[in-house]
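Structural overview for review
Each chain, letter by letter, is given below.
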Amino acid sequence: MAIGLYVHIPFCIQQCPYCDFSTEINQQENHHNYIELLKKEIALKSNWAADKNVRSLYFGGGTPSLVQPKYILSLIKEFEKYGFYFLEDVEITLEINPGTISEESLGEYLQMGVNRFSVGAQSFNDNILNKIGRKHSAQDTVKTLDLLNKHKLNYSFDLLFSLPGQSMKDLALDLATLNSFSPKHISTYYLTIPQRHSLNLNRPDEDTELEMFDFIEDKLDSYGFNQYEISNHALKNFESKHNYHTWLGGQYLGIGMSAHSFIEHNDDKFRFWNPNTTNAWEKSLEVLKPKMKVSDQSPERFEKLTKIDHLNDFVHTGLRLKEGFSEKKLMESLDKEKQNEWILMANSMVEQKYLLRDENISLTKKGKRMLNFVLEKLFISK
Ligand code: SF4
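Residues numbered from 1 in each chain as written. Predicted model: local features only at pLDDT ≥ 70, side-chain atom pairs only at ≥ 80, totals over all residues. Heavy atoms only, no water.

**Quick look at the packing of aromatic side chains**
What counts here: Here the aromatic set is Phe, Tyr and Trp, taking the six-membered ring for Trp, and pairing holds for ring centres within 6.5 Å; pairs whose planes are under 30 degrees apart are stacked, those over 60 apart are edge-to-face, and all others are tilted. Placement of a charge over a ring requires the Lys NZ or Arg CZ to be within 6 Å of the ring centre, with the centre-to-atom vector within 35 degrees of the ring normal.
Considering all chains together, one arrives at 18 aromatic pairs under this definition. Chaining the aromatic ring pairs together yields one cluster made of Phe11, Tyr34 and Trp281. The aromatic ring of phenylalanine 238 is capped on one face by lysine 184, whose charged end is 5.4 Å from the ring centroid. The lysine or arginine in question, arginine 203, covers the ring of tyrosine 190, its NZ or CZ lying 5.3 Å from the ring centre.

As C-alpha cells, then:
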C-alpha cells in the first residue's frame with residue numbers, strides 16, 4: 001500500500017503567539033545536531049515500516065526552509081540508505097515561509113526531487129500579519145510566490161482567517177490577491193486559540209465568522225477549487241497526496257520531535273508519537289535499540305489500536321473528506337448491537353441535516369461548521 005514519511009524540522013524565526021506546533025527559535029548552530037538525530041531515528045525505525053515504497057515525503061515544522069538544502073538532501077539519502085524506495089510519482093513537499101528561499105536554494109530543492117511547496121504566509125495584510133506576530137511582510141510573500149511561479153511550481157498556500165481586526169473586506173482582498181498568483185492548492189485555517197488569549201481581542205463576531213466560512217468556500221469554488229477536505233481546496237489533480245494518504249488510513253512514519261506515526265503489521269495497527277521537545281526526543285532515541293520491534297516502545301507514547309479505535313479513526317478522518325466514508329464498510333466491522341446504536345444516531349444526525357447519506361456518509365454545510373459536535377455524537381464506545 002506504500003507509506004508516507006513525515007520529517008519534523010522545528011526551527012522558526014519567531015514564536016507565533018497562536019501556534020501550537022512544536023517549534024523552537026532558529027539557531028543555526030543547532031541544525032547539524034538536530035539533523036544527525038533525525039538520521040539516527042531513521043536508522044532505528046526504518047525496519048518498523050512494513051512497506052518501504054514511499055508515496056510521499058513531507059518536510060514540515062517549524063520552517064524546514066531555514067535549514068540548508070544540503071541537510072534536506074542528506075535526509076532523503078538517509079531514507080534511501082535504509083531501504084526506502086521513492087516511487088516514480090512520489091510527492092516531496094517542503095514547508096517554506098515567505099522570504100526563506102532564494103533562486104539558489106530553490107534550484108537545489110528541485111534538483112533533489114522536492115516537487116511541492118507549502119507556503120505558510122497566512123495573509124497579505126501587513127497590519128494583520130504584524131498583529132498576529134508574523135515577521136514576514138506581504139512583500140516577502142509576493143517575492144516568494146513570484147519565484148515559485150517563475151519556475152511554474154506546484155505549491156499550496158496556508159491562509160489564516162478570523163484574525164484580530166479582520167473584516168469581510170480584508171478577507172475578500174486576501175482571497176482575490178491569492179487567486180491572482182494561481183496557486184494549485186489552498187489550505188484555510190480558522191484561528192483557534194484559548195478563550196483568554198490576547199489575540200481574541202477585536203476578532204470578528206460569531207456571525208461574521210460564519211459568514212467568513214461560507215465566503216471562503218463559495219469564493220474558492222468560484223475560482224475552480226474543489227474543497228476535497230474540510231480545510232483543503234485544490235485544483236483538479238493537485239490534492240495533497242501526503243495528507244490524502246493519511247486521511248484514507250494509509251501508513252505513515254514520522255521522524256523528529258513531536259512527529260506521529262501509524263504503522264500496520266499484519267492485522268495489528270500501531271500509533272506512536274515522539275516527545276514535544278528536542279531534549280526529550282533525544283532521550284527517547286537513546287533508549288531505542290537496533291532491531292527493536294515497533295511494539296517494544298515505551299507505552300507512554302505508543303498504543304496498539306483496538307478494532308473500535310481504528311473504526312473511530314475511520315469515521316473521524318472520513319468525515320473530514322468531501323466524499324465521506326462508506327457506511328457499509330463501517331457496518332461490516334461492527335457487531336449487531338453497535339450497528340443498531342450507530343444507525344440510530346446517524347439517522348438522527350441525517351434528520352437534523354448534519355449528515356448526508358447516499359453510498360457514503362458525509363458532512364452537510366451545517367455539519368462542517370459543527371464537526372466536533374458531530375464527531376462526539378458518532379463516537380463508537382468500547
Ligand atoms: S512560523 Fe508557523 S510553525 Fe513557526 S511558530 Fe509561526 S505558525 Fe508556528
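Additional details are given in the paragraphs that follow.
**Considerations on unusual backbone geometry**
The condition that has to hold: Helix and strand definitions follow DSSP, with helices as H or I runs of at least four residues and strands as E runs of at least two, each counted in order from the N terminus.
For the bond from glycine 61 to glycine 62, the omega torsion is 15°, close enough to zero to count as cis. Tracing the backbone shows glycine 62 in the loop between strand S4 (53-61) and helix H2 (69-81). Its identity as a non-glycine residue notwithstanding, serine 162 has a phi of 65°, on the positive side. Unusually for a residue other than glycine, asparagine 237 sits at a positive phi of about 70°. The residue asparagine 237 is located in the loop between strand S10 (232-234) and helix H8 (241-247) in this model.

**Digging into helix H10 (residues 307-320)**
In plain terms, the rule: A helix is expected to reach a length of 1.5 Å times the quantity of its residues less one. Relative accessible area decides the class of each residue, using a 1.4 Å probe on protein chains only: under 20% of the type maximum gives buried, over 50% gives exposed, and in between gives partly exposed.
In this model H10 runs 20 Å from its N-terminal to its C-terminal C-alpha over 14 residues, within 8% of the 20 Å that 1.5 Å per residue would give. For H10, every residue scored as buried is listed here: Ile308, Asp309, Leu311, Asn312, Val315, Gly318 and Leu319.

**Focus on the packing of H2 against helix H3 (residues 103-112)**
Packed helix pairs are characterised by how far apart their axes lie and by the angle those axes make with each other. The condition that has to hold: Helix axes use the C-alpha atoms of the stretch in contact, all axes being lines fitted to C-alpha atoms, and the angles between their N-to-C directions lie in the range 0 to 180 degrees. Note on angle classes: values under 35 degrees are labelled roughly parallel, values over 145 roughly antiparallel, values of 65 to 115 roughly perpendicular, and the remainder oblique. Any two residues having at least one pair of non-hydrogen atoms within 4.5 Å are treated as being in contact. Any residue outside Ala, Val, Leu, Ile, Met, Phe, Trp, Tyr, Cys, Pro, Asp, Glu, Lys and Arg is labelled polar, Gly included; the first ten of those are nonpolar and the last four are charged.
The contact between H2 and H3 brings their axes to 9 Å, and the two run at 10°. Classified by the angle between their axes, H2 and H3 sit roughly parallel to one another. On H3, the residues touching Pro69, Ile72, Leu73 and Ile76 of H2 are Ser105, Glu108, Tyr109 and Met112. Residue composition of the contact of H2 with H3, grouped by class: six nonpolar, one polar and one charged.

**Digging into the site of the ligand**
Quick reminder of the rule: One heavy atom suffices: a residue is near a molecule or strand as soon as one of its heavy atoms comes within 4 Å of it.
Around the ligand, the neighbouring residues are Cys12, Gln14, Cys16, Tyr18, Cys19, Thr23, Gly62, Asn97 and Arg134. Classifying every residue of the shell around the ligand by side-chain character gives four nonpolar, four polar and one charged.

**A look at the sheet that holds strand S15 (residues 325-326)**
Our working definition: Pairs of strands are assigned from DSSP output, requiring at least two bridges between the strands.
If you walk across this open sheet you meet the three strands as S15-S17-S16, and the pairing is antiparallel. Two strands close off the open sheet at either side, each with one partner strand: S15 and strand S16 (355-357). Helix-sheet contacts for helix H12 (residues 336-351) involve S15, S16 and strand S17 (360-363), and the interaxial angle to S16 is about 110°.

**Observations concerning the domain arrangement of the chain**
Formally: Residue ranges for the domains trace back to a domain assignment, done automatically or taken from a database. Defined here as a combined quantity, buried area equals the accessible surface (1.4 Å probe) lost by two parts on assembly, summed across both. What makes a salt bridge here is a side-chain nitrogen of Lys or Arg within 4 Å of a carboxyl oxygen of Asp or Glu, nothing more. We call two N or O atoms a polar contact when they sit within 3.5 Å, provided that within protein one can donate a hydrogen and the other can accept it, with sequence-adjacent residues counted only if both atoms are side-chain atoms.
Partitioning the chain into structural domains gives domain 1 (3-244) and domain 2 (307-378). Once you take the C-alpha centre of each, domain 1 and domain 2 turn out to be 29 Å apart. Counting residues at the interface gives 12 residues for domain 1, matched by nine residues for domain 2. The contact between domain 1 and domain 2 buries some 950 Å² in all, and 45% of this surface belongs to carbon and sulfur atoms. One can count six salt bridges joining domain 1 with domain 2. Residue arginine 320 is joined to glutamate 229 by a salt bridge in which the shortest nitrogen-to-oxygen separation is 2.5 Å. Counting the contacts that link domain 1 with domain 2 gives nine residue pairs in polar contact (both at pLDDT 80 or more). Here the element with the most residues in the side of domain 1 that touches domain 2 is helix H7 (residues 206-222); it accounts for five residues.

**Digging into the pattern of salt bridges**
Applying the stated rule across the entire model yields 21 salt bridges. Between lysine 81 and glutamate 78 there is a salt bridge, and its shortest N-O distance comes to 3.7 Å. Linking lysine 81 with glutamate 78, this pair stays in helix H2, spanning three residues, or about one helical turn. Of the residues examined, lysine 81 reaches a relative accessible area of 58% and is grouped as exposed. Residue glutamate 78 is classed as buried on the basis of its relative accessible area, which comes to 11%. One salt bridge in this structure joins arginine 369 and aspartate 214, with 2.8 Å as the shortest N-O distance. With arginine 369 in helix H13 (residues 365-369) and aspartate 214 in helix H7, the pair connects residues that are 155 residues apart, well separated along the chain. Overall, the relative accessible area of 28% leaves aspartate 214 in the partly exposed class.

**A short note on the pairing of strand S6 (residues 116-122)**
With seven of seven residues buried, S6 is to be regarded as a mostly interior element. Relative to S6, strand S5 (residues 85-96) runs parallel, the two sharing four bridges. Of the residues in S6, the one forming a bridge with isoleucine 96 is valine 119. Bridge analysis of S6 against strand S7 (residues 155-161) gives four bridges, and the strand direction is parallel. The residue bridging serine 118 from the neighbouring strand is serine 156, located in S7.

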